[in-house]
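# Summary of the model geometry
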Amino acid sequence: MILGPDGTRLSKRHGAVKVTDFLDAGYFPHTVINYIALLGWSPGDDREIMTMDEMVKLFTLKRVRSTAAMFDYEKFSWMNGEYVRRTPIKELHEPCLKAVQEKGLGDGIRSDEWFDKVIELYQERFRTFPEFADKTYYFFVDDERVLFLPKAVKKVLKKDGADEALKLSADALEQLDTFDEENIEKALRGVAERMEKGFGKVAQPVRVAVTGTNQSAELFATLIVLGQERAVNRIRRALELRERDAFPMVEEQSDG
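The present account deals with the structure reproduced in this document.

What counts and how
Residues numbered from 1 in each chain as written. Predicted model: local features only at pLDDT ≥ 70, side-chain atom pairs only at ≥ 80, totals over all residues. Heavy atoms only, no water. Helix = DSSP H or I, 4+ residues; strand = E, 2+ residues; numbered from the N terminus. Expected span 1.5 Å × (residues − 1). Contact = heavy atoms within 4.5 Å. Phe/Tyr/Trp six-rings, centres within 6.5 Å; stacked < 30°, edge-to-face > 60°. Buried < 20%, exposed > 50% of the residue type's maximum accessible area, 1.4 Å probe, protein only. Lys NZ or Arg CZ within 6 Å of the ring centre and 35° of its normal. Core = buried A, V, L, I, M, F, W, Y, C linked by side-chain atoms within 4.5 Å. Patch = residues over 30% accessible without salt bridge, like charges linked within 9 Å, V, L, I, M, F, W, Y side chains within 5 Å. Areas by Shrake-Rupley, 256 points an atom, 1.4 Å probe, with all protein chains shown as cover. Salt bridge = Lys/Arg side-chain N within 4 Å of Asp/Glu carboxyl O. Lys, Arg positive; Asp, Glu negative; His and termini not counted. Charge placed at Lys NZ, Arg CZ, Asp CG, Glu CD.

## Observations regarding helix α4 (residues 73-86)
Between its first and last C-alpha, α4 extends 20 Å over 14 residues, near the 20 Å set by a 1.5 Å rise per residue. Tucked inside the fold, the buried residues of α4 contact α1 (19-24), α2 (29-39) and α5 (89-102).

Written as structure tokens, this is what we have:
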């Protein structure tokens with residue numbers, strides 16, 4: 001018997017309980033097989049991620065448990081994330097694209113090559129495909145549609161010095177002839193030196209300005225994928241919103 005997190009028999013009130021429900025929710029088929037196999041059996045060591053061939057080879061009735069197993073949704077999602085990290089970008093393209101399109105964000109995709117760069121940037125940071133779409137939405141929307149996490153606004157953009165950091169960063173990034181990691185880092189570190197502040201006092205306001213959150217993928221790579229013009233526009237927009245105290249907010253959520 002499989003139990004829900006509350007210790008009672010797994011049922012619809014616990015969420016998805018059909019294989020097709022899990023597939024529709026953005027889980028890999030082999031995640032479902034791998035996880036369900038481990039609910040009533042273990043290979044006898046600490047390994048948890050296994051291929052079908054490995055499970056067939058290792059399976060023995062001696063290691064099948066007779067006690068009820070609890071379906072841990074958090075661990076199930078963790079396992080799917082492990083498969084995401086082990087899957088080539090080209091195989092993640094279609095399911096990620098489907099998730100973005102289902103969110104109504106498909107028109108913001110510039111090209112297949114550019115979209116793959118977004119996937120690569122976030123491959124370590126999402127566990128299901130709908131989660132990918134949620135975490136990367138800011139790449140696909142117009143600048144004015146970027147929403148801000150309240151905690152990021154409070155902890156970063158409303159702090160003393162954030163306005164100066166945004167203004168100087170926008171000016172420095174706009175002047176770059178080559179928008180690559182080396183030049184972006186040099187420009188932003190130059191701003192920090194000019195302000196006589198630690199680099200984080202510049203990097204974090206820029207991060208929140210362009211993504212709406214203080215927890216995103218690596219900053220320099222994010223700016224490159226976003227593009228110079230859009231990055232500068234968003235930094236200037238954040239500065240204007242700060243002056244008017246008019247940040248459009250989104251509900252708090254974990255960005256892992």
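After that view of the structure, there is still more to cover.
## Considering unusual backbone geometry
Glycine aside, a negative phi is what most residues show, and trans is what most peptide bonds show. One non-glycine residue, Glu196, lies in the positive phi region at around 60°. Its identity is not glycine, yet Asp245 carries a phi of approximately 50°, on the positive side. When you line up the elements, Asp245 lands in the segment after α13 (228-244).

## Describing the packing of aromatic side chains
By the definition in use, this model includes 21 aromatic pairs. On the numbers, 4.9 Å between centres and 65° between planes, the contact of Phe22 with Phe76 is edge-to-face. Here the residue Phe22 occupies a position in helix α1, and Phe76 occupies one in helix α4, the gap between them amounting to 54 residues. Classification of Phe76 as buried rests on a relative accessible area of 1%. Aromatic side chains Phe28 and Phe129 sit 5.4 Å apart centroid to centroid with 85° between the ring planes, which places their arrangement in the edge-to-face category. Of this pair, Phe28 sits in the loop between α1 and α2 while Phe129 sits in helix α7 (residues 129-140), placing them 101 residues apart in sequence. Note on Phe28: relative accessible area 9%, which makes it buried. Sitting over the ring of Phe199, Arg189 keeps its end group 4.1 Å from the ring centre.

## Digging into the nonpolar core
Grouped together as the largest cluster of nonpolar side chains are 78 residues, with contacts concentrated most on Phe115, Phe132, Phe139, Phe140, Leu173, Leu188 and Leu223. Residues in contact with Leu173, not counting those within four places in the same chain, are Phe179, Ile184, Ala187, Leu188, Leu223, Gln228, Val232 and Ile235.

## Structural notes on a positive patch on the surface
A cluster of basic side chains, namely Lys154, Lys155, Lys159, Lys197 and Lys201, defines a positive patch on the protein surface. Overall, the relative accessible area of 53% leaves Lys155 in the exposed class.

## A word on a nonpolar patch on the surface
Nonpolar side chains collect at one region of the surface, where Val19, Leu23 and Ile36 lie side by side and expose about 230 Å² of accessible area between them. Note on placement: Leu23 falls in helix α1.

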